[in-house]
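# Tertiary structure, described
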Amino acid sequence: MNVVLCKPKHVVEVSVTVKDKFLTVRRELGESLIERSEEIDLLLTALIAGEHLLLVGPPGCGKSLLIDSLMKWTHGSKFCCLLNKYTLTEELFGPYSLTELKNDRFVRITTNRLPEAKYVFLDEIFKSSSSILNSLLKLLNERTFDCGDGVTLRVPLELCLAASNEWPEGDSKKELGALFDRFLLRKTVNPISSLAGRQKLLWANKPPEFSTSLSAHELTAARLDAQGLSWSKEAKQALESILDELARQGVRPSDRRQYKSVSIVQAYAWLNGAEEVQPEHLEILQYILCNDHAEEASKVRAVIMTIAAPISMKVNGLLFETEQILSSVNTKDLGATATAASKLSEIQKSLKAMKESPKASAATAYLKEKITELRLKSLDSI
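### Focus: the state of the cysteines
In the structure shown here, the tally under the stated rule is zero disulfides. Summary of cysteine pairing: Cys-61 is not part of a disulfide, and the nearest cysteine sulfur, belonging to Cys-80, is at 17 Å. Left without a disulfide partner, Cys-147 is nearest to the cysteine sulfur of Cys-81, which lies 19 Å away.

Here is the structure:
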């Protein structure tokens, strides 16, 4: 007699897709890393697109925590190194094998070194020696490493996150040009600035906790899915208009950057749950199309946001105005609190009017929370 075992009716199987996992980890990282939503998006976009990320800012801004969190989520091998002009190539790529040297062969032992890591964090990358920088060029771009005596290894590198306290300037800018270009995504990181952010840092900060994990197979699936995302006609026109306007203003990204921007935008759109690339997804190009961040960053951002994401630009402006109001209000002054709450309500109305924008919807929810907190603090002070 055949016996069929049936699952109880109350048991519900939930299928979690790869996209669901990325959306979940994006939220969980955002809940832990304060005022780092843009950096989180860049890191996950870089991972999906298979590109590298450079973050420039003062120490203590959470740059290393980003890569630590990513490694925890993916369970991937990691290599970290703080670089300076005295750092030896052996520290990154491994020492030469003494056994091989006896046979007149120069072969490095790469165990537990950079060539065997999936995720790499290089702090103060621009302060390293020219020999290290030259060795990094091919490894970062082609994912191969010459371990010595003509033996070329295929490295498992998925993502390199580099950090620096300052952007290259003067003569060093030319010397570091080739390495600088290996990092397709580049961003300035600023310290926590909002009142709410400082309060969370001091009293409610906690390390990231993940409810999911990502396998190597799932990462491959995510990349293939993102690469297959189609472009809307409006998005194509917006990209061409952006490049034309930048050229008119004297900003001419390299052909390679223009070409790779297509896959980056697809990855960013996929991360946002889109089924097709839309003009608003091109806002990520502000971190790609700059050649000189000191002179071009604000110009590039203005062109991209004006053409591709005017609503996002308006939302960002309203959020900035919100933070200014919150940071300046004295909650012990009932009159000042009432005025601030009134101003925030007007901002909230403006955000609600942008019904079709997910970013505006998220900002509206954030503002509602802040208005409630403001009123509660005012009552507590009575």
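The structure having been displayed, the exposition proceeds.
### What to know about the side chain of Lys-63
Among the secondary structure elements, Lys-63 is positioned in helix α3 (residues 63-74). Although buried, Lys-63 forms no salt bridge, and the nearest oppositely charged side chain, Asp-123, lies 5.7 Å from it. There is a polar contact of 3.3 Å between the side chain of Lys-63 and the backbone oxygen of Gly-57.

### Regarding the nonpolar core
Within the largest apolar cluster, 61 residues are counted, with the highest numbers of intra-cluster contacts made by Phe-22, Leu-70, Leu-185, Leu-282 and Leu-289. Ranked by the residues each element gives to this core, the list is headed by helix α2 (residues 37-49), at eight residues. In terms of nonpolar packing, the next biggest core, distinct from the first, is built from 31 residues, Leu-54, Leu-83, Leu-133 and Leu-137 among them.

### Overview of the pairing of strand β5 (residues 151-154)
Of the pairings in the sheet, the one linking strand β4 (residues 144-148) to β5 comprises four bridges and is antiparallel in character. Bridge pairing in β5 places Thr-144 opposite Arg-154. Connecting β4 to the next strand, β5, in antiparallel fashion are two residues, including Asp-149 with a positive phi near 60°.

### Some remarks on the pairing of strand β2 (residues 78-82)
Within a regular beta strand, the side chains point alternately toward one face of the sheet and then the other, so they alternate between its two faces. Going residue by residue along β2, you find Phe-79 and Cys-81 tucked away on one face and Lys-78, Cys-80 and Leu-82 left uncovered on the opposite face. Looking at chain direction, β2 and strand β3 (residues 119-123) are connected through five bridges and run parallel. The residue bridging Cys-81 from the neighbouring strand is Leu-122, located in β3.

### Quick word on the packing of helix α10 (residues 216-227) against helix α12 (residues 255-271)
Their axes nearest at 8 Å, the elements α10 and α12 cross at an angle of 110°. Considering their axes alone, α10 and α12 lie roughly perpendicular with respect to each other. Between α10 and α12, the residues in contact are Ala-222, Asp-225, Ala-226 and Gln-227 and Gln-266, Ala-267 and Trp-270, respectively. Grouping the constituent residues of the contact of α10 with α12 by class yields four nonpolar, two polar and one charged.

### As for the sheet that holds strand β6 (residues 159-164)
Taken in spatial order, the five strands of this open sheet run β2-β3-β6-β1-β7, and their pairing is parallel. Strand pairing shows two members of the sheet lacking a second neighbour, β2 and β7 (185-188), which therefore form its edges. Across the sheet, the mean angle from the axis of one strand to that of its neighbour is 10°, orientation sign disregarded. Against the sheet, α2 contacts β1 (53-56), β3, β6 and β7, and its axis sits at roughly 170° relative to β7.

Parameters at a glance
Residues numbered from 1 in each chain as written. Predicted model: local features only at pLDDT ≥ 70, side-chain atom pairs only at ≥ 80, totals over all residues. Heavy atoms only, no water. Disulfide = S-S within 2.5 Å. Helix = DSSP H or I, 4+ residues; strand = E, 2+ residues; numbered from the N terminus. Buried < 20%, exposed > 50% of the residue type's maximum accessible area, 1.4 Å probe, protein only. Lys, Arg positive; Asp, Glu negative; His and termini not counted. Salt bridge = Lys/Arg side-chain N within 4 Å of Asp/Glu carboxyl O. Polar contact = N/O pair within 3.5 Å; in protein donor to acceptor, adjacent residues only side chain to side chain. Core = buried A, V, L, I, M, F, W, Y, C linked by side-chain atoms within 4.5 Å. Pairing = 2+ DSSP bridges. Axes fitted to C-alpha atoms, helices over the stretch in contact; angles between N-to-C directions. Parallel < 35°, antiparallel > 145°, perpendicular 65-115°, else oblique. Contact = heavy atoms within 4.5 Å. Nonpolar A, V, L, I, M, F, W, Y, C, P; charged D, E, K, R; others polar.

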